[in-house]
Amino acid sequence: MSTIDLGQNKVIDESRQGEAIIIESGNNTGSKKLYVESYGCAMNFSDSEVVASILTKDGYTTTRNVEEADLILINTCSIRDNAEVRVRKRLTDFRKHKKTNPKLVVGILGCMAERLKKSLLEDEKLVDIVAGPDTYRDLPNLISEVESGQKAVNVLLSREETYADISPVRLDQGGVTSFVSIMRGCDNMCSFCVVPFTRGRERSRDPQTIVRECHELFDAGYREVTLLGQNVDSYRWNTTSKGEIKDETIPSTNFAELLEMVAKVSPDLRVRFSTSHPKDMHDEVLHTMAKYENICPSIHLPVQSGNTDVLTRMNRGYSREWYLDRVKAIKTILPDCTISTDLIVGFCDETEEEHKDTLSLIDEVQFSFAFMYTYSERPKTLAERKYTDSVPEEVKSKRLTEIIEKQRNYSHEINKKQIGKTVKVLVENVSKKSEEHMSGRDGRNTVVVFPKGNLTKGQYVLVKVEDCTSATLLGSVVEICKPYSN
Ligand code: SAM
Ligand code: SF4
Ligand code: F3S
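Reading the values: the criteria
- Residues numbered from 1 in each chain as written.
- Chains lettered and ligands numbered in written order.
- Predicted model: local features only at pLDDT ≥ 70, side-chain atom pairs only at ≥ 80, totals over all residues.
- Heavy atoms only, no water.
- Helix = DSSP H or I, 4+ residues; strand = E, 2+ residues; numbered from the N terminus.
- Rg over C-alpha atoms; globule rule 2.2 N^0.38 Å.
- Buried < 20%, exposed > 50% of the residue type's maximum accessible area, 1.4 Å probe, protein only.
- Contact = heavy atoms within 4.5 Å.
- Areas by Shrake-Rupley, 256 points an atom, 1.4 Å probe, with all protein chains shown as cover.
- Pairing = 2+ DSSP bridges.
- Axes fitted to C-alpha atoms, helices over the stretch in contact; angles between N-to-C directions.

**Examining the overall build of the chain**
So, point 1. From N to C terminus, the chain includes 14 helices and 22 strands.
So, point 2. A compact globule built from 486 residues should have a C-alpha radius of gyration of about 23 Å, and the chain, at 22 Å, falls within 12% of that.
So, point 3. Within the chain, the fraction of its 486 residues that count as buried is 59%.
So, point 4. Pairs at least 24 apart in sequence give 71% of the contacts found in the chain among residues at least 6 apart.
So, point 5. Accessible surface, the chain: about 20200 Å² in total, of which carbon and sulfur atoms supply 50%.

Structure follows, in structure tokens:
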């Protein structure tokens with residue numbers, strides 16, 4: 001298990017899969033101690049902040065020290081089998097703490113709780129509480145049930161819950177970047193994916209509460225928000241899936257309009273979003289991005305495969321040609337925008353020719369970076385029921401190595417083209433590798449490292465790029481930007 005730095009790794013949801021994030025808030029007034037560990041995507045991390053908010057009101061204080069906890073919660077991910085293996089190992093570790101503290105309560109939250117439900121209590125006896133992603137308001141009751149000697153489970157999925165009214169307890173006090181959840185669930189049913197089963201139906205959050213949260217974050221010193229959803233392009237408020245207005249008395253809002261509302265919070269608040277879906281990403285969003293300097297020119301647009309037949313088996317709802325058309329639209333409307341992606345190799349019956357189409361797509365698009373995975377069959381998904389996980393593990397690994405090598409070259413080439421340019425960076429943290437350096441990201445979502453000087457987190461600086469690796473730009477500060485708001 002690794003503990004990761006909250007500042008620098010708040011890049012994008014997929015970067016967190018399989019990582020554990022241990023949280024501690026500065027808002028510690030209660031007497032009972034809560035320890036929370038989060039796995040999976042940014043949505044899970046954001047949910048842990050909601051959980052901390054609910055339990056802080058219930059008298060808990062958060063701790064980084066598992067030894068002193070009265071309540072351990074583990075917020076879990078089911079996306080690939082190895083994510084679940086890691087959690088089981090962690091739960092076995094926690095069982096040891098019960099020997100020294102018999103009153104210790106252990107709860108499992110998130111996608112694995114939703115997927116495995118009661119079996120975690122009955123068959124495996126690893127935990128006292130099982131709580132699915134839509135049931136966190138019920139946690140105080142579930143804890144009371146356990147304190148009165150029972151095991152407690154609530155895995156009901158909701159069609160309405162968005163936790164819109166809960167101000168999350170920000171778990172990295174003094175941070176400058178934050179996630180803001182704008183919707184929950186997913187209606188897409190990609191054949192490989194467990195998320196629709198663990199997160200339920202898609203629902204959008206009231207835009208006014210989103211804008212209010214962004215104002216509060218800005219006032220608290222945050223300078224970047226990432227709007228989160230499994231498919232942000234299908235965000236809609238007050239319209240049905242067919243586009244009909246539900247209530248004539250209130251305004252309706254689509255994702256492009258929401259983005260504009262958040263961009264207007266302050267020109268000093270950077271706005272990012274994740275994840276875009278190729279089948280739903282329309283030009284309106286790109287034009288809104290072009291209009292506001294503070295909407296960062298980087299789009300995470302997961303393609304999964306470069307072959308149309310594989311995409312059809314994956315039930316993604318687009319072809320290779322459609323994806324390339326979307327890429328063309330981005331490059332035309334936003335010439336400086338970076339495009340990143342997710343790729344799966346070795347999906348059911350993927351042939352060598354089909355795999356070559358993924359390699360050629362990487363050549364054609366030239367992604368700035370990619371999260372790359374071998375296919376992991378998930379129970380109850382369409383792919384598990386309809387297809388065979390036929391590609392041998394060693395072939396999957398070989399294909400993964402091929403795409404990783406190709407992608408690394410493009411990441412490096414793209415970074416090399418930035419040498420000599422000046423980029424605007426939000427100062428986020430002391431560099432992980434050197435106390436003498438700070439790091440942040442430019443608008444294109446590339447990590448930039450530069451000498452520390454007298455800089456502080458939350459300032460914007462102009463950095464002249466002098467060198468690079470495939471993952472990082474290195475340079476020196478040429479100007480500290482004055483805030484627009486002053
Ligand atoms: N909603 C986003 C989308 O549609 O692109 C991504 C959601 S998922 C949390 C993040 C990534 O995990 C996916 O884009 C996919 O590449 C990967 N993934 C999902 N299910 C997987 C599976 N069964 N095996 C391997 N990778 C998987
Ligand atoms: Fe999973 Fe597809 Fe939904 Fe993304 S869009 S969460 S890959 S079902
Ligand atoms: Fe996220 Fe993993 Fe669930 S990626 S939505 S925590 S299955």
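**Thoughts on the sheet that holds strand 18 (residues 422–430)**
So, point 1. Reading around the circumference, 18-19-20-22-21 is the order of the five strands in this closed barrel, with mixed pairing throughout. Ignoring strand direction, the axes of neighbouring strands in this sheet form an average angle of 50°.

**Observations regarding unusual backbone geometry**
So, point 1. With an omega dihedral of 10°, the bond running from Ser 274 to Thr 275 counts as a cis peptide bond.
So, point 2. Among the structural elements, Thr 275 can be located in the loop between strand 14 (270–274) and helix 9 (283–291).
So, point 3. With a phi close to 55°, Tyr 163 is a non-glycine residue in the positive phi region.
So, point 4. For Tyr 163, the position within the fold is in the loop between strand 7 (152–154) and strand 8 (177–181).
So, point 5. Here Tyr 163 falls in the buried class, since its relative accessible area comes to 2%.
So, point 6. At Lys 380, a residue that is not glycine, the phi angle is positive and equals roughly 75°.
So, point 7. Secondary-structure assignment places Lys 380 in the loop between strand 17 (370–374) and helix 13 (382–386).

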